[in-house]
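# Summary of structural features
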Amino acid sequence: MKHFLTLKDLTSDEASNIIQRGIVLKAKQRQGEAHPTLEGKALAMIFDKSSTRTRVSFETGMFQLGGHALFLQSGATQLGRGEPIEDSARVISSMVDLVMIRTFEHSMVQKFAEYSSVPVINALTDLAHPCQILADVMTFVEHRGDIAGKTVAWIGDGNNMAHSWVNGSLTFGYQLNLACPNGYLPDPALLASARSLGANVTLCASPQQAVEGADLVTTDVWASMGQEEEQKIREQAFAHYQVNSKLMATARKDALFMHCLPAHRGEEVAVEVIDGPQSVVWDEAENRLHAQKALMEFLLANVND
Ligand code: CP
Ligand code: NVA
């Protein structure tokens, strides 16, 4: 049995197969061809943080695969009243086939997985957001073909999304250039670990340096969920880290722009970029659905093996 807590849980072949299957499932959905591969299966979705895309994509995805999804807001469950994670994991996993968790501390998801009898999916922690990278790479592949050997530029916070882009450079073989302000660099241990395994990741001195020759430019909010009170101080620290048309002009002419969303127009991204011709953010958001359907099929196929 496999969990999906970070991209390191997938081999490159497994990840590529999931992307390809996501593309097939997208076509089937578009053509109205039924594909109830997870009939009779149930997914528990545990949320400690807000969500639009993650909830809608997992819940709809499970429905389209013939299964059922339960939306569990932790505060409305006994988890929120302090029932131990170990006990909750044993109980919930005894009744469902898959568990998806969005929470703060990554260690919560790790502990849940340790005691779960079914696969656990990380649907965002403070450390990582691997589901988003599956959708982002799928989007790149649809628009430009294989991402291996291409250059991805990350501009902004060294946050959960940045960490997953770092891990993804190992899985998918792209070169990653990161430009983050001092004090907001990615976790050094995660970076060192990815590099020791061969990840091609460069910390750049400026956003301009990071986007030079980039095939894909991507960013995220300056203050993530749980950091709302740091918004003002972060606005100052990130003032020179906006992705705008001047910065995009330094990238390759055919560079794509991505953002996991939700976005703050006028902060990390200018209106002309996110709503401009290089932006593929809507495809990226939709692909959460298709990529995660493929991920759920993969995790459950592994259980049956
Ligand atoms: N990108 C993403 O995970 O969006 P939500 O927070 O809306 O789920
Ligand atoms: N870094 C953001 C991503 C939201 C999808 C956050 O954690 O809030």
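Residues numbered from 1 in each chain as written. Chains lettered and ligands numbered in written order. Predicted model: local features only at pLDDT ≥ 70, side-chain atom pairs only at ≥ 80, totals over all residues. Heavy atoms only, no water.

### Topic: the site of ligand 1
- Surrounding ligand 1, one finds Ser51, Thr52, Arg53, Thr54, Arg102, His129, Gln132, Cys260, Leu261 and Arg288.
- Between ligand 1 and Thr54 there is a distance of 2.7 Å, counted from an oxygen atom to a side-chain nitrogen or oxygen.
- Note that a nitrogen atom of ligand 1 is positioned 3.0 Å from one of the side-chain N or O atoms of Gln132.
- In isolation ligand 1 has 260 Å² of accessible area, and contact with the protein removes 95% of it.
- Considering only residue class, the shell around ligand 1 consists of 2 nonpolar, 5 polar and 3 charged. (Near = heavy atom within 4 Å. Polar contact = N/O pair within 3.5 Å; in protein donor to acceptor, adjacent residues only side chain to side chain. Areas by Shrake-Rupley, 256 points an atom, 1.4 Å probe, with all protein chains shown as cover. Nonpolar A, V, L, I, M, F, W, Y, C, P; charged D, E, K, R; others polar.)

### Points about the sheet that holds strand β1 (residues 42-47)
- Pairing within the open sheet is parallel, and its 4 strands lie in the order β2-β1-β3-β4. Looking at the sheet topology across the chains shown, the edges are occupied by β2 (68-73) and β4 (120-122). Across the sheet, the mean angle separating the axes of adjacent strands is 20 degrees when strand polarity is ignored.
- Relative to β2, β1 runs parallel, the two being bridged by 6 bridges. (Pairing = 2+ DSSP bridges. Helix = DSSP H or I, 4+ residues; strand = E, 2+ residues; numbered from the N terminus. Axes fitted to C-alpha atoms, helices over the stretch in contact; angles between N-to-C directions.)

### A look at the pairing of strand β6 (residues 175-179)
- Counted residue by residue, β6 has 5 buried out of 5 residues, so it is predominantly covered.
- Of the two faces of β6, the one holding Gln175, Asn177 and Ala179 and the one holding Leu176 and Leu178 are both buried throughout.
- Across 5 bridges, the pairing between strand β5 (residues 151-155) and β6 is parallel. Of the residues in β6, the one forming a bridge with Val152 is Leu176.
- Remark: the β5/helix α6 (residues 160-172)/β6 crossover connection has right-handed handedness.
- Judged from the 3 bridges that link them, β6 and strand β7 (residues 201-203) form a sheet pairing that is parallel. The partner of Asn177 across the bridge, within β7, is Thr202.
- Tracing the backbone out of β6, into helix α7 (residues 188-196) and back to the parallel element β7 gives a crossover that is right-handed. (Buried < 20%, exposed > 50% of the residue type's maximum accessible area, 1.4 Å probe, protein only. Right-handed = clockwise from strand over helix to strand, strands pointing away.)

### A short note on the site of ligand 2
- The environment of ligand 2 is formed by Leu124, Asn159, Asn160, Asp220, Ser224, Met225, Cys260 and Leu261.
- Note that a nitrogen atom of ligand 2 is positioned 2.7 Å from one of the side-chain N or O atoms of Ser224.
- Within the backbone of Met225, a nitrogen or oxygen atom sits 2.8 Å from an oxygen atom of ligand 2.
- For ligand 2, the protein covers 94% of the area, taking 270 Å² as the surface of the free molecule.
- For the shell around ligand 2, a count of residues per class yields 4 nonpolar, 3 polar and 1 charged.

### Digging into the environment of His3
- Position of His3 relative to the elements: it lies in the segment before α1 (12-31).
- For the pair His3 and Gly75, spaced 72 residues apart in sequence, the C-alpha to C-alpha distance is 24 Å.
- Not counting chain neighbours up to four residues away, the residues in contact with His3 comprise Asp9, Ala113, Val118, Pro119, Val120 and Leu299.
- Among the polar contacts made by the side chain of His3, one reaches the main-chain carbonyl oxygen of Ala113 at a distance of 3.2 Å.
- Only 2.9 Å separates the side chain of His3 from the backbone nitrogen of Val120, close enough to count as a polar contact. (Contact = heavy atoms within 4.5 Å.)

### Brief notes about α6
- Taking 1.5 Å as the rise per residue, α6 with 13 residues should run 18 Å; its terminal C-alpha atoms sit 18 Å apart, in good agreement.
- In terms of burial, α6 is a largely internal element, 12 of the 13 residues being buried.
- For α6, every residue scored as buried is listed here: Asn160, Met161, Ala162, His163, Ser164, Trp165, Val166, Asn167, Gly168, Ser169, Thr171 and Phe172.
- For α6, the N-terminal capping position is held by Asn159, with its side-chain oxygen 3.0 Å away from the main-chain nitrogen of Met161.
- Downstream of α6 by one or two residues, Gly173 has phi in the positive range, about 75 degrees. (Expected span 1.5 Å × (residues − 1).)

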